[in-house]
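# Per-entry structural report
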Amino acid sequence: PLMDLDKHSAASTLSIGKSLDAEYLLVCQKEGHIFTKNQIRLTGLAFLFCGLAANICWTSWNSALTYFTDLFGPSIYLYFLACYNGPGLPILISQKWDSVVDAKYGSKIALTVRILGSFAIMLSMNSLISIYPIIFDGHPPLYAVIPLVVLIGIAASVAFGSLYQLVAIFPPSCSGYLFVGTSLAAPAVLLTNVATRFGPGKQVYVGILYFGIPALILGIGMFVFFYLVRSPLGTHHLSIYEKEIRMMNPIHVDVTQTIKNLKLVNESQGDDLMLIPKTDVTKKQNVYRRSLFSAISLFASLFGTMVFSAFFPYVPTLNSQLPLVLHYVYLICDMLGRELTFFIPKDKAGLSQSRLLFVTVIRMGLLAFFVFYVFAPMVYHNEYLIIAVVAIWNITGGYCNTVSYALAAEPYADAPTKQLSANFMNISLQLGVY
């Protein structure tokens with residue numbers, strides 16, 4: 001059932017997931033495994049905290065716009081985006097071998113190493129940047145900061161990929177809890193920003209507090225994850241998952257002989273070879289063709305969002321805090337746009353892939369206006385106008401990006417084909433970010 005859930009809208013995923021939990025409990029009871037709603041809720045809260053921990057490190061860096069701009073100039077945000085998002089596509093591609101590693105070393109060990117290792121790296125990066133002003137006498141050099149961002153990008157990509165793999169084998173509502181947790185990172189960092197008077201600055205202790213709070217959350221998240229994989233639900237589902245993975249990825253198998261045997265079986269039955277790769281290639285091509293408009297819409301939307309984000313520090317203004325305000329408008333409105341899909345589903349909005357592409361083309365007008373506003377020598381500049389443009393772009397973007405995944409998977413009934421469509425959309429997303 002998880003394949004039919006909207007994986008980017010926390011409200012819809014949590015609501016639908018909870019309605020499926022009762023059916024899940026009945027299935028477990030028939031199989032002789034007795035679990036309670038409280039155990040599911042506790043497991044869900046553990047996923048919520050892990051989602052918060054996975055997202056809070058980069059959100060804290062992303063939200064220290066004024067601090068890093070004062071140190072390195074307005075172009076630093078563009079460098080940060082490139083360094084953080086750069087590892088995303090290679091790691092996305094490399095994750096197709098995760099099941100092989102899980103089969104060899106055990107899913108519990110492999111997932112624990114990936115997720116706890118990622119959390120430990122992000123915790124270390126936040127701890128380092130908090131004491132950099134002490135180490136470098138108040139002005140850390142760029143060459144010492146950029147590697148930290150690259151490591152955060154790698155760790156975050158691994159953490160999110162592994163958490164999404166893990167939550168898929170748990171009760172349906174756990175997905176909703178995970179996505180709620182990732183959404184909570186923005187308001188949590190906003191509160192930290194307000195508490196520290198808008199982030200790190202000249203006072204060293206403020207920087208330690210600002211980056212230290214996310215590091216503390218990551219540390220707690222490591223213990224929460226350790227509980228998660230050792231809880232009754234975690235132990236049960238990981239043991240089942242491990243058996244399935246090992247069946248799909250046998251370690252000691254003569255692959256060549258197996259293929260020969262399969263060919264002999266097909267030939268003896270008078271059939272064409274059904275395992276010829278061409279069949280899979282044709283299936284993929286059909287999926288890609290039918291998902292093309294959604295993929296183009298997602299690519300264009302993410303590309304535009306990266307342009308908006310990269311040039312917040314260049315918006316003409318006398319208010320030094322405007323880039324930070326625009327950043328939080330972006331985070332909050334994107335989150336609101338995603339949740340809007342719960343109240344206005346794609347069917348109610350009358351959206352198809354072609355109509356979604358048309359809406360995306362119209363949205364490109366907002367991007368063109370933003371670029372013109374930032375770089376053209378205009379006489380009139382208004383902070384409220386540019387805030388409104390950023391808000392409209394991200395509310396519609398959060399909504400359209402979420403709907404694009406649902407529309408791409410809509411023509412297919414079987415889970416593997418839906419997953420193939422989702423993978424195609426994920427690659428389109430990463431290309432847009434690139």
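Cut-offs and rules
Residues numbered from 1 in each chain as written. Predicted model: local features only at pLDDT ≥ 70, side-chain atom pairs only at ≥ 80, totals over all residues. Heavy atoms only, no water. Helix = DSSP H or I, 4+ residues; strand = E, 2+ residues; numbered from the N terminus. Buried < 20%, exposed > 50% of the residue type's maximum accessible area, 1.4 Å probe, protein only. Contact = heavy atoms within 4.5 Å. Areas by Shrake-Rupley, 256 points an atom, 1.4 Å probe, with all protein chains shown as cover. Axes fitted to C-alpha atoms, helices over the stretch in contact; angles between N-to-C directions. Parallel < 35°, antiparallel > 145°, perpendicular 65-115°, else oblique. Expected span 1.5 Å × (residues − 1). Bend = angle between axes of the 7 residues up to and from the residue. Polar contact = N/O pair within 3.5 Å; in protein donor to acceptor, adjacent residues only side chain to side chain. Phe/Tyr/Trp six-rings, centres within 6.5 Å; stacked < 30°, edge-to-face > 60°. Lys NZ or Arg CZ within 6 Å of the ring centre and 35° of its normal. Core = buried A, V, L, I, M, F, W, Y, C linked by side-chain atoms within 4.5 Å. Left-handed = near helix turned anticlockwise from the far one by under 90°. Nonpolar A, V, L, I, M, F, W, Y, C, P; charged D, E, K, R; others polar. Patch = residues over 30% accessible without salt bridge, like charges linked within 9 Å, V, L, I, M, F, W, Y side chains within 5 Å. Salt bridge = Lys/Arg side-chain N within 4 Å of Asp/Glu carboxyl O. pLDDT = per-residue confidence, 0-100.

### Points about the overall build of the protein
Scanning the protein for helices and strands turns up 20 helices and 0 strands. When each of the 434 residues of the protein is scored for burial, the buried share is 50%. Of the contacts made within the protein by residues no fewer than 6 positions apart, 83% connect residues no fewer than 24 positions apart. Total accessible area computed for the protein in this model is approximately 21,200 Å², and 68% of it derives from carbon and sulfur atoms.

### Considering the packing of helix H3 (residues 65-72) against helix H4 (residues 76-85)
One way to put it is that H3 packs onto H4 with a least axis distance of 9 Å and a crossing angle of 115 degrees. Between H3 and H4, the angle falls in the class roughly perpendicular. Within the contact between the two elements, H3 uses Leu65, Phe68, Thr69 and Phe72 and H4 uses Ile76, Tyr77 and Phe80.

### Overview of helix H2 (residues 37-62)
Count 3.6 residues to each turn of an α-helix, and residues three or four apart come out pointing the same way. The terminal C-alpha atoms of H2 lie 37 Å apart, and with 26 residues this matches the ideal 38 Å at 1.5 Å per residue to within 8%. The largest bend along H2 measures about 40 degrees and falls at Ile56. Among the 26 residues that make up H2, 19 are buried, leaving the element largely enclosed by the rest of the structure.

### What about the side chain of Ser130?
If you trace the backbone, Ser130 turns up in helix H7 (residues 107-135). Judged by its relative accessible area of 7%, Ser130 is buried. Among the polar contacts listed, one links the side chain of Ser130 to the backbone oxygen of Ser127, at a separation of 2.6 Å. When sequence neighbours within four positions are dropped, the list of residues in contact with Ser130 reads Gly207, Ile208 and Phe211.

### Quick word on the packing of aromatic side chains
Applying the stated criterion to the full structure yields 16 aromatic pairs. Here the aromatic cluster, defined as three or more aromatic residues joined through ring pairs, consists of Trp61, Tyr67, Phe68, Phe80, Tyr210 and Phe211. The ring centre of Trp393 lies 4.0 Å from the NZ or CZ of Arg363, which sits over that ring.

### Regarding H4
Counting buried positions along H4 gives 7 out of 10 residues, so the element sits mostly inside the fold. When H4 is considered as a whole, its buried residues turn out to be Ile76, Tyr77, Phe80, Leu81, Cys83, Tyr84 and Asn85.

### Describing the environment of Phe293
When you line up the elements, Phe293 lands in helix H15 (residues 292-310). Considered as a pair, Phe293 and Ser352 are 59 residues apart in the sequence and their alpha carbons are 9.4 Å apart. If sequence neighbours within four positions are ignored, Phe293 has contacts with Gln353, Ser354 and Leu357.

### Quick word on the nonpolar core
Among the nonpolar cores identified, the biggest contains 93 residues, and Trp61, Phe68, Phe80 and Leu166 are the most heavily contacted of them. Considering each element in turn, this core owes the most residues, 13 residues, to helix H8 (residues 142-167). Excluding its chain neighbours within four sequence positions, the residues that come into contact with Leu166 are Phe47, Leu111, Ile115, Phe225, Leu228 and Leu238.

### A short note on the packing of H15 against helix H18 (residues 353-375)
Between H15 and H18, the least distance of the axes is 9 Å, while the angle of their chain directions is 15 degrees. Judged on the interaxial angle alone, H18 and H15 are roughly parallel. Seen from above, H15 lies across H18 with left-handed handedness. Contacts between H15 and H18 pair Leu292, Phe293, Ser294, Ile296, Ser297, Ala300, Ser301, Phe303, Gly304, Val307 and Phe308 from the former with Gln353, Ser354, Leu356, Leu357, Thr360, Arg363, Met364, Leu366, Leu367, Phe370 and Val371 from the latter. Classifying every residue of the contact of H15 with H18 gives 14 nonpolar, 7 polar and 1 charged.

### Details of a nonpolar patch on the surface
On the surface, Ile332, Leu336, Leu340, Phe342, Phe343, Ile344 and Ile395 cluster together into a nonpolar patch covering about 560 Å² of accessible area. It is helix H16 (residues 322-343) that contributes the most residues to the nonpolar patch, 5 residues altogether. Relative to the helices and strands, Leu336 is located in helix H16.

### Overview of the environment of Leu142
Topologically, Leu142 is positioned in helix H8. Judged by relative accessible area, which is 33%, Leu142 ranks as partly exposed. In contact with Leu142, other than residues within four places in its own chain, are Phe72, Ile76 and Pro147.

### Observations concerning the confidence of the model for the protein
Taken residue by residue, the protein gives an average pLDDT of 76. The fraction at 70 or more is 71%. Predicted confidence is poor over residues 1-8, with pLDDT under 50, and the contacts of this stretch with residues over four places away or in other chains come to 25 contacts. Confidence drops under pLDDT 50 across residues 251-279; counting only partners more than four residues distant or on other chains, this segment forms 11 contacts.

### A word on the environment of Gly176
Within the secondary structure, Gly176 sits in helix H9 (residues 173-183). Counting along the chain gives 128 residues from Gly176 to Leu48, while the straight-line C-alpha distance between them is 8.3 Å.

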